[in-house]
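Survey of secondary and tertiary structure
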Amino acid sequence: MTAALDPPMTDAALAVAYSLACAITMGLFGFLVRRAESRANAVTGVLIGLAVSLPFMAAATAYLWEPGWWSWKALGLFAAAGAINPAVGRVFLFLSIHRLGLARAVPLVSALPLATAGLGIAFLGERPGPIVLAGTLLVTGGCMAITSRKGMEGRWDRRFLWMPFVSVAAFSVAHLWQKMGLVLVPSPILGLTVMSLSGAACLLLFGGLLPQAHRPVLGSGAAWIYLGLTGLLNTVSILFHFSALRYGDLTIVAPLFSTAPFFSLLLSWAFLRESERVTLWVVAGTALVALGGVLIGWRAL
């Protein structure tokens with residue numbers, strides 16, 4: 001009787017819950033992928049994960065199919081989002097790391113929540129307010145601090161400084177198109193299936209542009225079980241992301257799911273203490289991400 005009287009969760013609460021679920025599962029995914037580095041490179045892991053997950057997604061889409069889902073514009077937006085994320089965004093991320101080094105490339109890519117929020121304001125008319133903007137800046141700064149690696153890289157070429165910004169632009173535009181597609185057809189499973197199919201095709205087509213060490217190699221049978229299972233976890237995480245976008249503004253969802261490095265770091269501290277060194281930058285970044293996430297979640301609710 002009491003359960004029947006409980007008010008349903010609001011759209012804002014659902015958006016926050018799904019965003020945090022996405023961040024937690026994505027953090028776990030990142031932790032598991034790090035432990036799989038000896039089995040295959042990241043692009044191979046993405047393709048294996050998609051190959052294992054796509055049959056389940058396609059079956060779920062066919063089972064849940066509704067006539068109203070047939071929208072060429074929505075399908076085109078989902079496919080376009082998949083074409084640039086992971087294909088363009090991930091390719092340029094690895095090219096950035098290859099040309100600039102991890103210490104310079106990854107903190108620049110951490111500007112993703114700020115760039116995505118900017119697109120939400122510019123193209124979707126979202127007005128997040130000063131508290132959410134402050135929280136977004138805190139999350140962005142915290143991610144930059146967590147991912148910074150001072151003193152680890154040598155010489156680098158400034159001519160390639162544009163590459164991480166192409167990666168950020170690709171990821172941000174993909175999030176924008178996902179949100180626009182969900183406005184037309186509010187089906188996370190359809191969006192995820194179309195985006196994953198498009199992304200897998202583009203990675204196979206353009207994976208050759210990556211440095212040799214990062215090109216997809218699908219012949220290693222030993223990696224399929226582990227990477228296939230982690231790929232399923234990644235699929236669940238992205239499904240949470242699509243669900244969050246269905247119920248909430250891009251300016252709320254983007255910074256909250258960008259707290260994933262915080263959860264990945266907690267797992268690394270717990271299980272990989274030998275390879276993780278706690279620095280002042282990491283502690284400061286963790287505090288900033290946590291504070292930013294609390295501010296955004298509090299304001300959204």
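Above this text is the structure in question.
Residues numbered from 1 in each chain as written. Predicted model: local features only at pLDDT ≥ 70, side-chain atom pairs only at ≥ 80, totals over all residues. Heavy atoms only, no water.

A few points about the packing of helix H12 (residues 260-271) against helix H13 (residues 280-300)
As a packed pair, H12 and H13 sit with axes 10 Å apart at the nearest point and diverge in direction by 135°. Classed by the angle they form, the pair H12 and H13 counts as oblique. Crossing of H12 against H13: the hand is left-handed. Contacts from Phe-262, Leu-265 and Trp-269 in H12 reach Val-282, Thr-286 and Val-289 in H13. Residues of the contact of H12 with H13, tallied by class, amount to five nonpolar, one polar and no charged. (Axes fitted to C-alpha atoms, helices over the stretch in contact; angles between N-to-C directions. Helix = DSSP H or I, 4+ residues; strand = E, 2+ residues; numbered from the N terminus. Parallel < 35°, antiparallel > 145°, perpendicular 65-115°, else oblique. Left-handed = near helix turned anticlockwise from the far one by under 90°. Contact = heavy atoms within 4.5 Å. Nonpolar A, V, L, I, M, F, W, Y, C, P; charged D, E, K, R; others polar.)

A closer look at helix H6 (residues 112-124)
Taking 1.5 Å of rise per residue, the 13 residues of H6 would be expected to cover 18 Å, and the 17 Å separating its terminal C-alpha atoms lies within 8% of that figure. Just past H6, the residue Gly-125 takes up positive phi, approximately 70°. (Expected span 1.5 Å × (residues − 1).)

Description of the packing of helix H7 (residues 129-147) against H13
Packed helix pairs are specified by the crossing angle of their axes together with the interaxial distance, meaning the distance between the axes. The interhelical angle for the contact between H7 and H13, taken along N-to-C directions, is 155°, at an axis separation of 7 Å. Here H7 lies roughly antiparallel to H13, going by the angle between them. The chirality of how H7 crosses H13 is left-handed. Considering only residue class, the contact of H7 with H13 consists of 15 nonpolar, eight polar and one charged.

Examining the nonpolar core
Phe-78, Leu-190 and Phe-242 are the most contacted members of the largest nonpolar core, which totals 28 residues. For this core, the elements supplying multiple residues, two or more each, are helix H3 (42-64), helix H4 (72-100), helix H8 (163-184), helix H9 (188-206), helix H10 (222-247) and helix H11 (250-257). Setting aside residues up to four positions removed in sequence, Phe-78 forms contacts with Gln-178, Gly-181, Leu-182, Val-185, Gly-191, Val-194, Met-195 and Phe-242. If you look at the next biggest cluster of nonpolar residues, it comprises 14 residues, including Val-132, Cys-143, Ile-146 and Ile-252. (Core = buried A, V, L, I, M, F, W, Y, C linked by side-chain atoms within 4.5 Å. Buried < 20%, exposed > 50% of the residue type's maximum accessible area, 1.4 Å probe, protein only.)

Quick notes on the environment of Arg-246
Note that Arg-246 resides in helix H10. Put simply, Arg-246 and Gly-181 are 65 residues apart on the chain and 9.5 Å apart in space, counted from C-alpha to C-alpha. Residues in contact with Arg-246, not counting those within four places in the same chain, are Lys-179, Leu-182, Pro-186 and Pro-188. Engagement of the side chain of Arg-246 in a polar contact is seen with the backbone oxygen of Pro-186, the distance being 3.5 Å. (Polar contact = N/O pair within 3.5 Å; in protein donor to acceptor, adjacent residues only side chain to side chain.)

So, the side chain of Ser-258
Relative to the helices and strands, Ser-258 is located in the loop between H11 and H12. Residue Ser-258 is classed as buried on the basis of its relative accessible area, which comes to 10%. Here Ser-258 is in contact with Pro-113, Val-139 and Cys-143, once residues within four sequence places are set aside.

Some remarks on the packing of aromatic side chains
This structure, assessed with the given rule, holds eight aromatic pairs. Measuring from centroid to centroid gives 5.9 Å for Trp-65 and Trp-70, while their planes differ by 65°, and the two rings are edge-to-face. On the basis of relative accessible area, Trp-70 is assigned to the exposed category, the value being 52%. An aromatic cluster of at least three residues, connected via ring pairs, comprises Trp-65, Trp-69, Trp-70 and Trp-72. (Phe/Tyr/Trp six-rings, centres within 6.5 Å; stacked < 30°, edge-to-face > 60°.)

Some words on a nonpolar patch on the surface
On the surface, Trp-65, Trp-70 and Trp-72 cluster together into a nonpolar patch covering about 430 Å² of accessible area. Mapped onto the secondary structure, Trp-70 falls in the loop between H3 and H4. (Patch = residues over 30% accessible without salt bridge, like charges linked within 9 Å, V, L, I, M, F, W, Y side chains within 5 Å. Areas by Shrake-Rupley, 256 points an atom, 1.4 Å probe, with all protein chains shown as cover. Salt bridge = Lys/Arg side-chain N within 4 Å of Asp/Glu carboxyl O.)

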